[in-house]
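Each chain, letter by letter, is given below.
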Amino acid sequence: MVLGDKMGSYLGVNLGFGFGVTMGVHVAGNISGAHMNAALTFTNCALGRMSWKKFPVYVLGQFLGSFLAAATIYCLFYTAIIDYSGGRLTVTGPTATANIFATYLPDHMTLWRGFLDEVLVTGMLQLCLLAITDKGNNPALQGTQALVIGILVVIIGVSMGMNSGYAINPSRDLPPRFFTFIAGWGTQVFSTKDWWWVPVVAPTLGAYLGAIIYLIFIGSSIQREPQILETPSTCEDRRTPVLPKTTSHPPVTSSLTPVSVSPDNRPSVLSQP
């Protein structure tokens, strides 16, 4: 935006957003499951797919990363922002720049229409993510999940992101909003149309509803293999292997040759996703 129409476009913003998510999945996929969205993290906990004790840790990491990303962008494009805005950091008006960092409602949208928009868009995100990763359905090919998820974000942004800026993630909207408050945009980042709370609440509600709709109308109709029951004491989340309990037995003398079993060969019970 601040570099002019010839050096950017709405499509370019969406491509950057989507493939940024792809890179995030590649970087943290095998570390944390690439949890970059507080609404999706909440949904995983609410559905019992992840321990609640991980929720504050993940969200804190997401908020810190988003805040630092906003600070990085501000420093990188500081001169362009000042030149474009004439040195006045504003939230509304023809030279507003706060919407570089967080979402704001356009004039044609009301608060509650924007709320419903965020619920719907985030619900679609969560529903499609479950389809992409559901091994019992028609998941993305192994190794392509990150790319497919990035394409999904681009599709959502291009087709349904114009109304409210498709926050779809409390972690990518609230921390940068705090940064702009500190950096000089002032209290208007929170007071303008009283919008600030919607990108926090609506995506969380939308993600949960999207997951429920998938599980009821799609997941329930998929024939699955029998699953082994698990309890919170034996498994933190769906991705953690649980080793079978061992019981002590009296020593038995055997004429058979002892066989050494390495930990890599020990049987384990993998929880189904």
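Anything mentioned here points back to the structure above.
Computed from a predicted structure; not experimentally measured.

This brings us to the overall build of the protein. Helix and strand counts for the protein come out as nine helices and zero strands. When its helices and strands are written in sequence order, the protein yields α-α-α-α-α-α-α-α-α. Counting over 273 residues, the protein shows a buried share of 37%. Sequence-distant contacts, at least 24 apart, represent 74% of the contacts inside the protein between residues at least 6 apart. Accessible area for the protein stands at about 16400 Å²; split by element, carbon and sulfur atoms hold 65% of it.

Let's shift gears to the environment of Tyr214. Note that Tyr214 resides in helix H9 (residues 198-217). Dropping the residues within four chain positions of it, Tyr214 is found in contact with Leu127, Leu130, Ala131, Asp134, Asn137, Gly219 and Ile222.

With respect to the helices, strands and loops of the structure, Leu120 is situated in helix H5 (residues 111-133). The class of Leu120 is partly exposed, set by a relative accessible area of 49%. The spacing of Leu120 and Leu205 is 85 residues in sequence and 9.4 Å in space, taken between C-alpha atoms.

Helix length check: helix H1 (residues 10-32), at 23 residues, gives a terminal C-alpha distance of 31 Å against a target of 33 Å (1.5 Å per residue), a fit within 8%. When the local axis directions of H1 are compared, the greatest deviation, roughly 40 degrees, occurs at His26. Every buried residue of H1 is accounted for by Asn14, Gly18, Val21, Thr22, Gly24, Val25 and Ser32. Those residues of H1 that are buried are in contact with helix H3 (55-76) and helix H6 (145-160).

It is worth spelling out the environment of Gly114 at this point. Mapped onto the secondary structure, Gly114 falls in helix H5. A residue is classified by how much of its surface remains accessible, and Gly114, at 0% relative accessible area, is buried. Separated by 49 residues in the primary sequence, Gly114 and Asn163 have C-alpha atoms spaced 7.1 Å apart. Discounting residues that sit within four places of it in the chain, Gly114 has contacts with Leu105, Met109, Trp195 and Val198.

According to the stated counting rule, one finds one salt bridge in the structure shown. When the shortest N-O distance is used, the salt bridge between Arg177 and Asp173 registers 2.7 Å. With Arg177 and Asp173 both in helix H7 (residues 170-185), this residue pair falls four residues apart, about one helical turn. Judged by relative accessible area, Asp173 falls into the buried class, the value being 0%.

Turning our attention to the side chain of Ser85. Its location among the elements puts Ser85 in helix H4 (residues 78-85). A polar side-chain atom of Ser85 sits 2.8 Å from the main-chain carbonyl oxygen of Ile81. Among residues more than four places away in sequence, those in contact with Ser85 are Thr95 and Thr97.

With that settled, the discussion passes to unusual backbone geometry. Of note in the backbone geometry, Lys193 takes a positive phi value of approximately 55 degrees without being a glycine. Here Asp194, not a glycine, exhibits a phi torsion of approximately 50 degrees, which is positive. Tracing the backbone through its elements, the reader meets Asp194 in the loop between helix H8 (188-191) and H9.

Applying the stated criterion across every chain yields a total of 16 aromatic pairs. Summarising the aromatic geometry, the rings of Trp52 and Phe55 are spaced 5.7 Å apart at their centres and angled 70 degrees between planes, so their arrangement reads as edge-to-face. Judged by its relative accessible area of 45%, Trp52 is partly exposed. These aromatic residues form a ring-pair network of at least three members: Phe67, Tyr74, Tyr78, Phe101, Phe179 and Trp185. Between Arg177 and the ring centre of Tyr104, over which it is positioned, the NZ or CZ distance is 4.7 Å.

Our next topic: the packing of helix H2 (residues 38-46) against H9. Running from N to C, H2 and H9 cross one another at 45 degrees; their axes reach a closest spacing of 8 Å. By the angle between their directions, the pair H2 and H9 is classed as oblique. Handedness of the H2/H9 crossing: right-handed. Within the contact between the two elements, H2 uses Ala39, Leu40, Phe42, Thr43 and Ala46 and H9 uses Pro203, Thr204, Ala207, Tyr208 and Ala211. For the contact of H2 with H9, a count of residues per class yields eight nonpolar, two polar and no charged.

What counts as what
Residues numbered from 1 in each chain as written. Predicted model: local features only at pLDDT ≥ 70, side-chain atom pairs only at ≥ 80, totals over all residues. Heavy atoms only, no water. Helix = DSSP H or I, 4+ residues; strand = E, 2+ residues; numbered from the N terminus. Buried < 20%, exposed > 50% of the residue type's maximum accessible area, 1.4 Å probe, protein only. Contact = heavy atoms within 4.5 Å. Areas by Shrake-Rupley, 256 points an atom, 1.4 Å probe, with all protein chains shown as cover. Expected span 1.5 Å × (residues − 1). Bend = angle between axes of the 7 residues up to and from the residue. Salt bridge = Lys/Arg side-chain N within 4 Å of Asp/Glu carboxyl O. Polar contact = N/O pair within 3.5 Å; in protein donor to acceptor, adjacent residues only side chain to side chain. Phe/Tyr/Trp six-rings, centres within 6.5 Å; stacked < 30°, edge-to-face > 60°. Lys NZ or Arg CZ within 6 Å of the ring centre and 35° of its normal. Axes fitted to C-alpha atoms, helices over the stretch in contact; angles between N-to-C directions. Parallel < 35°, antiparallel > 145°, perpendicular 65-115°, else oblique. Left-handed = near helix turned anticlockwise from the far one by under 90°. Nonpolar A, V, L, I, M, F, W, Y, C, P; charged D, E, K, R; others polar.

These results come straight from atomic positions and should not be treated as a statement about function.
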